[in-house]
Amino acid sequence: METQNNSPNEEKVEEVVEKTEYEKFIDKLLESKWSYSKIDCFKSCGFKFKLKYLDKNFVYSGSIATEFGTAIHKAEESIGNYIIKNEPINYIKIKNKFMIDCIKVKKRYSNDWITKDDYSGKDYETKYQDYIHKNMFYLEKYLKDNPNLEIVGSEVPINFKFDDTWTFTGSIDRLYRDKTTDKYIIEDIKSWPNIEKHKDELATPLQFVVYSLALAKMKEKSTDDISCQYYLPISNELASAGHKNYIEKGTAKLMSLFEKILAQEFKPAPKPLCHWCEFCRTNESAPNKSKWLCPYASVWTRERPANWSEFNFTTLEEYPKILNQYRLQHDLPVLPSESENKK
Ligand code: SF4
């Protein structure tokens, strides 16, 4: 074979090609970790996804629903862990911890605590009482009624490359194994008021698509050996999720969402739900740092339920200009442009 040697005087010229902004954007997407909530954020509003995950405007913007839900998750995780360790469940300890967590929620959202939601007709005080007196005993009863099942994990971590490209991380709330068939059931605990409100999400829940694919890989199983269900501690309902061909349909859906992200489809989707978005000025729990970042937000509030926006979206390039017009309209100082920042 012929070999070529560079003479000592011959300089090796390396071609250095600067990456374009778009190539840097792709690198950033591929390096980042994905979760169901991140992809769901894009699905609900592309502009919110951009503000949050690409511009990195991470702020804490809790709500009574998320904080009450977190308290329930912690209680359910403790109950599951006692069962996994085959120890008697210390309900008094779990109840006391839950009560302390809920007192904090009640203090922070005193008005919301006594407001009935439109779906279950219950306020949080009732939801709290229902949980400590009835619903927290669900898991023990469920296992007694289904002696073929055992819990094999609470908050089971997943780390999985979807489509060999996108790294998903997260945790499965509860994992059961059927001792007779060696099949698995993934359970996700939701603090939804009832299943009726979310029945459209049962057929192809993307969260379960990712979890099932990840679990199948971890356990070297087929996804046919895995089923999924939601448990709702507030209404004490159990609902199976992931209907016929949900893996195929969900995989196609996820791929189409990633295609849109790659195509930078970051348009805002104004709707009444903006009122709970951390980038919406009408959201009382949103910090000042974030609540003035979306000029396209719907102005909808419970008191004035009108769904319109102060500014229409044109292009992402126009956003800084529109943002400043929006700020001026609300007597806020304008923000320096990027070029001025670099000076
Ligand atoms: S306020 Fe509405 S339109 Fe704006 S980022 Fe949030 S969800 Fe999207």
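**Here's the deal with the overall build of the protein**
Along the protein, the regular secondary structure elements total 13 helices and five strands. Overall, the C-alpha framework of the protein stretches about 80 × 70 × 35 Å when taken along its three principal axes. By residue count, 26% of the 343 residues in the protein fall in the buried class. Relative to all contacts within the protein whose residues are 6 or more apart in sequence, the contacts with residues 24 or more apart total 61%.

**Points about the pairing of strand β5 (residues 237-241)**
Sheet topology places strand β4 (residues 226-232) next to β5; five bridges connect them, and they run antiparallel. Within β5, the position partnered with Tyr 231 by the bridge is Leu 238.

**Things to note about the pairing of β4**
For β4, the buried fraction is high: five of the seven residues fall into the buried class. Of the strand pairs in this sheet, strand β3 (residues 184-189) and β4 are connected by six bridges, and their pairing is parallel. The partner of Glu 187 across the bridge, within β4, is Gln 229. Tracing the backbone out of β3, into helix α9 (residues 206-219) and back to the parallel element β4 gives a crossover that is right-handed. A loop of four residues connects β4 with β5, the two strands running antiparallel in sequence, and Asn 236 in this loop sits at a positive phi of about 55°.

**Overview of the domain arrangement of the protein**
Domains assigned within the protein are domain 1 (64-143), domain 2 (147-259) and domain 3 (272-332). For domain 2 and domain 3, the distance between their C-alpha centres works out to 35 Å.

**A word on helix α3 (residues 46-54)**
Counting buried residues in α3 gives seven out of nine residues, a clear majority hidden from the surface. Along α3, the residues that are buried comprise Gly 46, Phe 47, Lys 48, Phe 49, Lys 50, Leu 51 and Lys 52. On the buried face of α3, the contacting elements are α2 (36-44). Just past α3, the residue Lys 56 takes up positive phi, approximately 60°.

**Focus on the site of the ligand**
Close contacts around the ligand come from 14 residues, with Cys 45, Cys 274, Cys 277, Cys 294 and Ala 297 the closest. Across the shell around the ligand, the residue classes break down as 13 nonpolar, no polar and one charged.

**A short note on the nonpolar core**
Of all hydrophobic cores here, the largest spans 42 residues; its most connected members are Ile 186, Tyr 211, Phe 279, Cys 280, Cys 294 and Ala 297. Sorting the residues of this core by element identifies α2, α3, β2 (166-178), β3, α9, β4 and α10 (246-262) as the ones contributing at least two each. Broken down by element, this core gets its largest block of residues, seven residues, from α9. Of all hydrophobic cores here, the second largest spans 14 residues; its members include Phe 68, Ile 79, Cys 102 and Tyr 131.

**Digging into the sheet that holds β5**
Strand order in the open sheet formed by five strands is β1-β2-β3-β4-β5, and the pairing between neighbours is mixed. The two strands at the open ends of the sheet, each matched to only one other strand, are β1 (149-162) and β5. This sheet shows a mean twist of 35° between the axes of neighbouring strands, independent of strand direction.

**A word on the confidence of the model for the protein**
When pLDDT is averaged along the protein, the result is 92; 94% of the residues meet or exceed 70. Throughout residues 1-5 the model reports pLDDT below 50, and contacts reaching past four residues in sequence, or to other chains, amount to zero contacts.

**Let's talk about the packing of helix α4 (residues 64-84) against helix α5 (residues 91-108)**
Taken N-terminus to C-terminus, the directions of α4 and α5 make an angle of 170°; their axes are 10 Å apart at the nearest point. Comparing their axes, α5 and α4 come out roughly antiparallel. Every residue of α5 that contacts α4 at Ile 64, Glu 67, Phe 68, Ala 71, Lys 74, Ala 75, Ser 78 and Ile 79 is listed here: Ile 94, Phe 98, Asp 101, Cys 102 and Val 105. Among the residues forming the contact of α4 with α5, the class breakdown is nine nonpolar, one polar and three charged.

**As for the environment of Met 255**
With respect to the helices and strands, the residue Met 255 is situated in helix α10. By C-beta crowding, Met 255 is classed as partly exposed, having 13 other C-beta atoms within 10 Å. Sequence spacing of Met 255 and Glu 76 is 179 residues, and the spatial spacing of their C-alpha atoms is 33 Å.

**Here's the deal with the packing of α9 against α10**
Closest axis-to-axis distance for the α9/α10 pair is 9 Å, and the angle between their directions is 110°. On the basis of their axis angle, the class for α9 and α10 is roughly perpendicular. In this structure, α9 contributes Leu 206, Val 209 and Ser 212 to the contact, and α10 contributes Tyr 246, Ile 247, Gly 250, Thr 251, Lys 253 and Leu 254. Classifying every residue of the contact of α9 with α10 by side-chain character gives five nonpolar, three polar and one charged.

Reading the values: rules and limits
- For every chain, the first residue of its written sequence is number 1, and the numbers climb from 1 along that sequence.
- Only residues with pLDDT of at least 70 are given local features in this predicted model, and only at 80 or more are side-chain atom pairs given and counted; all residues enter the totals for whole chains, interfaces and linings.
- Runs of E in the DSSP output that reach at least two residues are strands. Runs of H or I that reach at least four are helices, and both are numbered from the N terminus.
- Each residue is classified by how many other C-beta atoms fall within 10 Å of its C-beta atom, where C-beta atoms are placed from the backbone; a count of 20 or more means buried, 12 or fewer means exposed, and values in between mean partly exposed.
- Contacts are defined on C-beta atoms placed from the backbone: any two residues whose C-beta positions lie within 7 Å are in contact.
- Two strands are counted as paired when DSSP detects at least two bridges linking them.
- Seen with the strands pointing away from the viewer, any crossover whose path from the first strand over the helix to the second strand runs clockwise is right-handed.
- Reported domain spans reflect what an automatic or database domain assignment gives.
- To decide nearness, the C-beta atom of each residue is placed from the backbone, and the residue is near a molecule or strand if that atom lies within 6 Å of it.
- Amino acids are sorted into nonpolar (Ala, Val, Leu, Ile, Met, Phe, Trp, Tyr, Cys and Pro), charged (Asp, Glu, Lys and Arg) and polar (every other residue, Gly among them).
- Note on terminology: a nonpolar core is any set of buried Ala, Val, Leu, Ile, Met, Phe, Trp, Tyr and Cys residues joined through C-beta atoms within 7 Å.
- Orientation is described by axes fitted as lines to C-alpha atoms, over the contacting stretch for helices, and by angles from 0 to 180 degrees between their N-to-C directions.
- In predicted models, pLDDT denotes the confidence assigned by the predictor to each residue on a 0 to 100 scale.
- In what follows, roughly perpendicular refers to angles from 65 to 115 degrees, roughly parallel to angles under 35, roughly antiparallel to angles over 145, and oblique to any angle outside these ranges.

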